[in-house]
Amino acid sequence: MTSIGERLQALQTRIHDAEIRAGRLPGSVQLLAVSKAHTADSIRAAFSAGQIRFGENYLQEALDKQLALQDLPIEWHFIGPIQSNKTQSIAHHFDWVHSVDRIKIAQRLAAARGDQLSPLNVCLQLNVSAEASKSGVDADGLIELATLVNHLPQLRLRGIMAIPAPTKDEAQQRAQFRRVRESFEQLKDKGFALDTLSMGMSDDFPAAIAEGANIIRVGSAIFGARPSVANTVNQH
Ligand SMILES: *Cc1c(COP(=O)(O)O)cnc(C)c1O
């Protein structure tokens with residue numbers, strides 16, 4: 001069996017190759033290791049291999065692992081659907097939230113974050129393929145949501161996150177990621193100072209990198225297949 005460290009190294013090589021192929025600067029794409037359904041020990045192994053950013057989808061599961069890993073300076077990213085009764089805890093226990101998709105959630109995160117902590121880094125989740133996921137703001141609502149988040153000093157608007165419909169067809173992957181990038185660029189053209197395009201997972205990250213992703217969120221290529229109970233993306 002291949003170790004987590006070896007899989008991480010192989011993945012870094014594939015990221016590097018995708019950067020080169022896309023004419024991007026080596027090192028311009030950050031890897032977020034998605035550890036949902038995997039143990040604190042697996043996270044510890046990845047951390048020992050040099051990985052410092054981890055993404056989690058389910059709050060309680062994440063809090064349990066954070067407690068077990070308190071000794072490590074991990075950067076925690078929340079990437080799952082957000083229920084409004086979880087915003088307090090999410091705002092306190094994460095450095096980033098990728099899945100903000102409505103005004104009420106943004107306001108609650110901001111209120112909970114308060115002025116003592118540094119602003120919470122936020123991406124707006126864009127729904128690019130309505131059939132794939134009910135989560136995410138649609139392109140029409142994006143500017144309104146971005147404007148509101150920009151006015152909440154406890155949040156720092158960083159960019160856009162998306163989970164396109166899974167497909168093996170690389171041209172189709174590219175087309176979906178391109179739509180996300182176009183929305184990202186439209187926001188920047190309107191004056192929003194964004195630096196983060198969070199898209200691409202184990203099966204489609206090379207296409208995401210080709211279309212400008214600078215955070216890719218990869219789980220199974222690092223940690224192996226997830227136990228079936230949590231083997232769903234973005235569903236509850
Ligand atoms: C699970 C998950 C990932 C990682 O998926 P893999 O296919 O295991 O790489 C990325 N982003 C989100 C939002 C997820 O829920």
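Throughout what follows, the structure given in this document is the object of discussion. (Residues numbered from 1 in each chain as written. Predicted model: local features only at pLDDT ≥ 70, side-chain atom pairs only at ≥ 80, totals over all residues. Heavy atoms only, no water.)

Relative to the helices and strands, Thr-196 resides in strand β7 (residues 196-198). According to the relative accessible area criterion, Thr-196 is buried, its value standing at 3%. In this structure Thr-196 touches Trp-96, Cys-123, Arg-158, Gly-159, Ile-160, Phe-184, Asn-214 and Ile-215, once residues within four positions along its chain are discounted. (Helix = DSSP H or I, 4+ residues; strand = E, 2+ residues; numbered from the N terminus. Buried < 20%, exposed > 50% of the residue type's maximum accessible area, 1.4 Å probe, protein only. Contact = heavy atoms within 4.5 Å.)

What follows is about the nonpolar core. The nonpolar side chains of a soluble globular protein tend to be buried with one another. Ranked by size, the top nonpolar core spans 64 residues in total, and within it Phe-54, Leu-109, Leu-124, Leu-155, Ile-216 and Ile-222 carry the most contacts. Setting aside chain neighbours within four positions, we find Phe-54 in contact with Leu-32, Ala-33, Ser-35, Ile-43, Ala-46, Phe-47, Ile-74, Glu-75, Trp-76, His-77 and Phe-223. Of all hydrophobic cores here, the second largest spans eight residues; its members include Ile-79, Met-161, Ile-163 and Ile-215. (Core = buried A, V, L, I, M, F, W, Y, C linked by side-chain atoms within 4.5 Å.)

Bringing the site of the ligand into the picture now. Among the 13 residues in the neighbourhood of the ligand, the closest are listed as Lys-36, Asn-57, Ser-202, Ser-220 and Arg-226. For the ligand, an oxygen atom lies 2.8 Å from a polar atom in the backbone of Gly-219. A distance of 2.7 Å is found between an oxygen atom of the ligand and a side-chain nitrogen or oxygen belonging to Arg-226. The protein chains hide 97% of the 390 Å² of surface that the ligand would expose on its own. For the shell around the ligand, the class distribution of residues is six nonpolar, four polar and three charged. (Near = heavy atom within 4 Å. Polar contact = N/O pair within 3.5 Å; in protein donor to acceptor, adjacent residues only side chain to side chain. Areas by Shrake-Rupley, 256 points an atom, 1.4 Å probe, with all protein chains shown as cover. Nonpolar A, V, L, I, M, F, W, Y, C, P; charged D, E, K, R; others polar.)

Across a regular strand the side chains alternate sides, sitting on one face of the sheet and then on the other. Across the eight residues of strand β6 (residues 155-162), seven count as buried, placing the element largely inside the fold. One ladder, built from seven bridges, connects strand β5 (residues 120-126) with β6; its direction is parallel. Its bridge partner lying in β6, Asn-121 is registered against Arg-156. Where β6 meets β7, three bridges bridge the pair, whose relative direction is parallel. Considered in β7, the bridge of Ile-160 is made with Leu-197. In this fold, β6 hands off to helix α7 (residues 170-189), which returns the chain to β7; that crossover is right-handed. (Pairing = 2+ DSSP bridges. Right-handed = clockwise from strand over helix to strand, strands pointing away.)

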